[in-house]
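# Coordinate inspection notes
Take a look at the letters that make up each chain.
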Amino acid sequence: MATKIEWTEETWNPVTGCTKCSSGCEHCYAATFAKRLQAMKCPRYENGFNVTVHRDLFQKPLGWKKPKMIFVNSMSDLFHDDIPDEDILSIFATMNAATQHTFQVLTKRSNRLVELSPKINWTSNIWMGVSVENKASIGRCEDLKVTGAKVKFISAEPLLES
């Protein structure tokens, strides 16, 4: 789906839904948007904001021939505990195969990222990031450092303290 997010060109949501895990989740735009989409009877949101895996979308970026900057799971967190390891690795396999694209993956669940990192094929078209919203979440940066990702970034949004 094309997006109005200024730092990306496309969003790809093979998983939707999430649960709050930190103070950065308090005013989650995705939770609010999911409620609206559920009320509009959008089939991808019939479960509201409960974690829902959409395996039929796993291969979708392979059909996009023109290179794009793609934000992965703008409506979820790919490293959520309710997403099976095999599904996460399958989504990464699609990113590995779609070398014409650059994928931006962002998580607040850096512990799981560290656990799965050795099993992920970290191709250079996958940018891995962590959200850091306050001093309590700075440890996510250390977790990101130990991953095999070739391109790493930090998102300071929402930035709740200095």
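Throughout what follows, the structure given in this document is the object of discussion. Treat the numbers as computed from the prediction; the structure is a model and nothing was measured. (Residues numbered from 1 in each chain as written. Predicted model: local features only at pLDDT ≥ 70, side-chain atom pairs only at ≥ 80, totals over all residues. Heavy atoms only, no water.)

Turning our eyes to something else, we now look at the packing of aromatic side chains. All told, the structure shown has three aromatic pairs when counted by the stated rule. With a centroid separation of 6.1 Å and an interplanar angle of 50°, the aromatic rings of Phe79 and Phe92 are classed as tilted. Here Phe79 is found in the loop between strand E4 (69-72) and helix H2 (85-97), whereas its partner Phe92 is found in helix H2, with 13 residues between them in sequence. Here Phe79 and Phe92 have matching classes, each one buried. (Phe/Tyr/Trp six-rings, centres within 6.5 Å; stacked < 30°, edge-to-face > 60°. Helix = DSSP H or I, 4+ residues; strand = E, 2+ residues; numbered from the N terminus. Buried < 20%, exposed > 50% of the residue type's maximum accessible area, 1.4 Å probe, protein only.)

The next subject is the nonpolar core. Nonpolar side chains in soluble globular proteins tend to be buried together. Counting residues in hydrophobic clusters, the biggest one holds 28 residues, and the most contacted among them are Trp12, Leu78, Phe79, Phe92 and Met95. For this core, the secondary structure elements donating two or more residues are E4, H2, strand E5 (102-107), helix H3 (110-116), strand E6 (126-131) and helix H4 (139-145). When residues in this core are grouped by element, the largest group, four residues, is from H2. Beyond its immediate sequence surroundings of up to four residues, Met95 is in contact with Trp12, Val72, Leu78, Phe103, Val105, Asn125 and Ile126. Counting eight residues, the second-largest nonpolar core is a separate cluster that includes Cys18, Ala30, Leu37 and Phe49. (Core = buried A, V, L, I, M, F, W, Y, C linked by side-chain atoms within 4.5 Å. Contact = heavy atoms within 4.5 Å.)

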